[in-house]
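Observations on the model geometry
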Amino acid sequence: AQKVTQVQTEISVVEKEDVTLDCVYETRDTTYYLFWYKQPPSGELVFLIRRNSFDEQNEISGRYSWNFQKSTSSFNFTITASQVVDSAVYFCALSEAGYGGATNKLIFGTGTLLAVQP
Amino acid sequence: SAVISQKPSRDICQRGTSLTIQCQVDSQVTMMFWYRQQPGQSLTLIATANQGSEATYESGFVIDKFPISRPNLTFSTLTVSNMSPEDSSIYLCSVRREEETQYFGPGTRLLVL
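From a predicted model like this one, the values you see are computed outputs, not experimental measurements.

Some thoughts on the layout of surface pockets
A volume near 350 Å³ is recorded for the largest pocket. Taken together, 23 residues make up the lining of the largest pocket; nearest its centre are Gln38, Pro39, Gly40, Gln41 and Ile90 of chain B. Elements with a contribution of two residues or more to the lining of the largest pocket: strand E10 (88–96) and strand E12 (112–117) of chain A together with strand E2 (10–13), strand E9 (89–96) and strand E11 (108–112) of chain B. Among the residues forming the lining of the largest pocket, the class breakdown is 8 nonpolar, 11 polar and 4 charged. Roughly 150 Å³ of internal volume is contained in the second largest pocket. The residue makeup of the lining of the second largest pocket, split by class, is 8 nonpolar, 1 polar and 1 charged.

So this is what it looks like as structure tokens:
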């Protein structure tokens, strides 16, 4: 069965610090997608990054970077030089690939509340 | 990506009443999804709505409680029926785009008294 675990419930950092959010997943499929979403206090859910199971290349996009390791089933997300506007709940999510036009649902972790103090 | 709007953005309702939430997308999509997020919790999928067919509900959610309409490829509604305080949540719709990525509407905050 699919499962996403975010063990960090809350993280507090001071502005300009780097912060890494951890995510561990379980799936039996060989083809799947991993995502990070941000939910600010306004409640909207904002898509940040996506990785498919065949691409373990880690990338940097602005202040965001991610570390995908299939060997440990982890998909960690790092914010460099954090800012107050980064304060939000961050969700890691997993979706197995849909076949024949089918779409599999997103399985969300429990979320990590990030508080960036000025 | 996708531009998704939801109405209402928030509401306060009395127990026993029903509320219909609307979701509008800026382009045609095959599948739309409805999620519930209870206070302080993660998101849980309620149902998947295909245009022209009955919605597919997840375990624990039933059509009598959460009827869904999908009259065309850009619009869907979710009704929360016979509400109780336990239905107080954020309700979000989403659509699938490239590589299984789902984009979400701004959500509807519901408080049931």
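Looking at the packing of aromatic side chains
One pass over the structure, following the stated rule, counts 18 aromatic pairs over all chains. Considering the side-chain rings of Phe68 of chain A and Phe75 of chain A, the 5.9 Å spacing of their centres and the 85° angle between planes classify their relative orientation as edge-to-face. Across this residue pair, the class does not change: Phe68 of chain A and Phe75 of chain A are buried. Members of the aromatic cluster, joined through ring pairs, are Tyr33, Phe35, Tyr37, Phe47, Phe91 and Phe108 of chain A together with Tyr35, Tyr103 and Phe104 of chain B.

What about the state of the cysteines?
In the structure shown here, the tally under the stated rule is 2 disulfides over all chains. Two residues, Cys23 of chain A and Cys92 of chain A, share a disulfide whose sulfurs are 2.0 Å apart. An S-S torsion of about -70° defines the bridge between Cys23 of chain A and Cys92 of chain A as left-handed. On the criterion of sequence distance, the pair formed by Cys23 of chain A in the loop between strand E3 (19–21) and strand E4 (24–26) and Cys92 of chain A in strand E10 is long-range, its members being 69 residues apart. Relative accessible area serves as the criterion here: at 0%, Cys92 of chain A is assigned to the buried category. Two residues, Cys23 of chain B and Cys93 of chain B, share a disulfide whose sulfurs are 2.0 Å apart.

Here is what the cut-offs are and how they apply
- Residues numbered from 1 in each chain as written.
- Chains lettered and ligands numbered in written order.
- Predicted model: local features only at pLDDT ≥ 70, side-chain atom pairs only at ≥ 80, totals over all residues.
- Heavy atoms only, no water.
- 1 Å grid on protein atoms, 1.4 Å probe; cavity = no way out; pocket = protein on both sides within 12 Å on 5 of 7 lines; lining within 4 Å.
- Points joined across faces, edges and corners; volume = space filled by probe spheres on them.
- Helix = DSSP H or I, 4+ residues; strand = E, 2+ residues; numbered from the N terminus.
- Nonpolar A, V, L, I, M, F, W, Y, C, P; charged D, E, K, R; others polar.
- Phe/Tyr/Trp six-rings, centres within 6.5 Å; stacked < 30°, edge-to-face > 60°.
- Buried < 20%, exposed > 50% of the residue type's maximum accessible area, 1.4 Å probe, protein only.
- Disulfide = S-S within 2.5 Å.

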